[in-house]
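# A closer look at the structure
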Amino acid sequence: MYKIAKEQLPSLYQAIAGSKELYLPIRNAGQVNFGPWSQDAEVDIDVLNSVKSPKDVFFPQSENLYTCEKNGKKLSIKPEELKNQDFVVFGMKACDIKGVEVLDRVFLAEPIDTFYAARRQHGIIVSLACHEPEETCFCKVFGVDAAEPGADVACWAVEDTLYWKPLTEKGEALTSELKDILSLADESDEAKVEEEKNAVRSIIEKLPYTNLSLEGWNKDALKEKFDSPVWEDLYKPCLACGTCTFVCPTCQCYDIKDYDTGHGVKRYRCWDSCMYSDFTMMAHGNNRNSQMQRFRQRFMHKLVYFPANNDGMYSCVGCGRCVAKCPSALNIVKVVKAFQSQGGDK
């Protein structure tokens, strides 16, 4: 394990950015999201959650796929170049790292998404353990340990020091490049980190949603949950705004559109939401033509469909963003609790 004083972190950022792109939690206009580091960026590694998850680094909200250009009678097609340089994402929390694991199941399965795969290949994740989880957090429900984030490098911020522990070959290589800035930690430092871990876990045990039960949410519950009348009452306050899907670290739906440049077409993809009425719209219409059906789809996918096809892995990581951001308080916790209180199949 290594360490560095917090006051020296700007030097650490500069050293990383000297050879690689660096993405950090950046405060802008009062909100924190992951973005590229620069000398004048207001870095905020103390924030618990960014507004959007850092999945944006691996799965951008919008990206070009290829360009078609017409020159006379000639038509040329130019695919966008894949990511070919290493970059570092610094400060990801354990829940967001679990979210990337969910995305891996989708985009790295056959047929492999080459854009995503290239970013995962060149991306180096430096995680940062949570210091003080909030009431909206329920990551433990999904097997996430906020005090022990897995990544290429794991970090803990304790008082005025950042502790740094490489966990993979990528992490070891990055650490080697920073050996002139990082100092070796001793046994007393490791004891401080262990104390910090215990303190974080103690907070988590006291949070209101920590003991949320997922009993009955599995592949065997498909028909029971799908046909339940609980959905008919539960969905009604939903505004179909899509906020829950855009802040979620595991949502992976996207649309593909064409943009007329005047002398050709750019084809790009952008995040989409299953909560929108035109989601998966086809020539004959939409298979889910009511908001209840769209609302049900979102949570059935998180809690039934995805685990049924991915060895029991849920498509939720308990980050709490939907709990904090949904304007109608219709989050996954409320859904699970509604089925518990009403018996689920009544």
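What comes next is a walk through the structure. Position labels on residues start from 1 in each chain and follow its written sequence. At least 70 in pLDDT is required for a residue's local features to be given in this predicted model, at least 80 for side-chain atom pairs to be given and counted, and no such filter applies to totals for whole chains, interfaces and linings, which use all residues. Note: side-chain values were computed over all heavy atoms of the structure, leaving out hydrogens and water.

### Observations concerning the sheet that holds strand β5 (residues 74-79)
Picture the strands of a sheet paired through backbone hydrogen bonds; they go either parallel or antiparallel. Read from one edge to the other, the open sheet built from 4 strands follows the order β5-β4-β12-β11, with strand pairing classed as antiparallel. Both outer strands of the open sheet, β5 and β11 (254-260), are each paired with one neighbouring strand and no more. Across the sheet, the mean angle from the axis of one strand to that of its neighbour is 20 degrees, orientation sign disregarded. Strand pairing is defined by DSSP finding a minimum of two bridges between the two strands. Secondary structure is summarised from DSSP: a helix means a run of H or I of at least four residues, a strand means a run of E of at least two, and numbering begins at the N terminus for each. As judged from the 7 bridges shared by β11 and strand β12 (residues 264-271), these two strands associate in the antiparallel manner. Within the sheet, the bridge partner assigned to Y259 lies in β12 and is K266. All axes here are fitted lines through C-alpha atoms, helices being fitted over the stretch that makes contact, and every angle between N-to-C directions spans 0 to 180 degrees.

### Some details on unusual backbone geometry
The linkage connecting E110 with the following residue, P111, adopts the cis geometry, with an omega of -5 degrees. The residue P111 is located in the loop between α2 (94-107) and α3 (114-122) in this model. The phi dihedral of A29 falls on the positive side, at around 55 degrees, and the residue is not glycine. Residue placement: A29 occurs in the loop between β2 (21-28) and β3 (31-36). Even without a glycine there, the phi angle at A240 is positive, about 60 degrees. Of note, A240 is situated in the loop between α7 (230-234) and α8 (243-247).

### Things to note about the sheet that holds strand β1 (residues 2-5)
Strand order in the open sheet made by the 8 strands is β3-β2-β6-β7-β8-β9-β1-β10, with mixed pairing throughout. Strands at the two margins of the open sheet, each flanked by one partner only, are β3 and β10 (183-184). Sheet topology note: the strand β6 (residues 87-92)/strand β7 (residues 123-128) ladder contains 5 bridges and is parallel. Pairing of F90 across the sheet is with V126, part of β7. Contacts are assigned to residue pairs with any non-hydrogen atoms lying within 4.5 Å of each other. Helix-sheet contacts for helix α5 (residues 187-205) involve β1, β8 (153-158) and β9 (161-166), and the interaxial angle to β8 is about 85 degrees.

### A look at the pairing of β5
Here the term buried applies to any residue with accessible area under 20% of the maximum for its type, exposed to any over 50%, and partly exposed to those in between, with areas from a 1.4 Å probe on protein chains only. Of all 6 residues making up β5, only 0 are buried, and the element is barely covered by its neighbours. Bridge count between strand β4 (residues 62-71) and β5: 6 bridges; the pairing is antiparallel. Bridging from a neighbouring strand, T67 pairs with K78 of β5. Linking β4 to β5, which pair antiparallel, is a turn of 2 residues; within it G72 sits at a positive phi near 65 degrees.

### Re the pattern of salt bridges
Two side chains carrying opposite charge are able to pair once their charged atoms lie near each other. By definition, a salt bridge exists where a carboxyl oxygen of Asp or Glu is found within 4 Å of a side-chain nitrogen of Lys or Arg. Throughout the structure, instances matching the rule amount to 23 salt bridges. A salt bridge links E21 to K83; the shortest N-O distance between them is 2.2 Å. Residue E21 is found in strand β2, and its partner K83 is found in the loop between β5 and β6; the two are separated by 62 residues along the sequence. Accessibility expressed as a relative area gives 24% for K83, which makes it partly exposed. What you see here is one network of salt bridges that share partners, running through D145, E148, E194, K197 and R201.

### Points about the packing of aromatic side chains
Stacked, edge-to-face and tilted labels apply to pairs of Phe, Tyr and Trp rings (six-membered ring for Trp) whose centres lie within 6.5 Å, assigned for plane angles under 30 degrees, over 60, and everything in between, in that order. Across all of its chains, the model carries 17 aromatic pairs by this definition. Aromatic side chains F138 and Y209 sit 6.4 Å apart centroid to centroid with 85 degrees between the ring planes, which places their arrangement in the edge-to-face category. Note that F138 is positioned in the loop between β7 and β8 and Y209 in the loop between α5 and α6 (222-226), a separation of 71 residues in sequence. On the basis of an interplanar angle of 75 degrees and a centroid distance of 6.2 Å, the ring pair of W231 and F295 is categorised as edge-to-face. Pair noted here: W231 is in helix α7 and F295 is in helix α9 (residues 291-309), with a separation of 64 residues, a long-range link. For the pair W231 and F295, one class covers both residues: buried. Taken together, the aromatic side chains of F59, F107, Y116, F246, Y254, W271 and Y276 make up a single cluster linked through ring pairs. Just above the ring of W271 sits the side chain of K55; from NZ or CZ to the centre is 4.6 Å. Any Lys NZ or Arg CZ found within 6 Å of a ring centre and within 35 degrees of that ring's normal is scored as a charge over the ring. Positioned over the ring face of F107 is R269, at 6.0 Å from the centre of the ring.

### Section: the nonpolar core
Put simply, buried Ala, Val, Leu, Ile, Met, Phe, Trp, Tyr and Cys residues joined by side-chain atoms within 4.5 Å make one nonpolar core. Among the nonpolar cores identified, the biggest contains 33 residues, and W217, W231, F295 and L303 are the most heavily contacted of them. Every element with two or more residues in this core is listed here: α7, α9, α10 (321-325) and α11 (332-342). The dominant element in this core, judged by the number of residues it contributes, is α9, at 7 residues. Residues contacting L303, with those up to four places away along its chain left out, are F142, L214, W217, N218, Y314, I332 and V336.

### What about α9?
With 19 residues, α9 ought to run about 27 Å at 1.5 Å a step, and its terminal C-alpha atoms sit 25 Å apart, in line with that. Axes are fitted to the seven residues ending at a residue and to the seven starting at it; the angle between these axes is taken as the bend at that residue. Along α9, the helix axis deviates most sharply at H301, where the bend reaches about 55 degrees. Burial analysis of α9 places 15 of its 19 residues in the buried class, the great majority of the element. Take the residue count of a helix, subtract one, and multiply by 1.5 Å to get its expected span.

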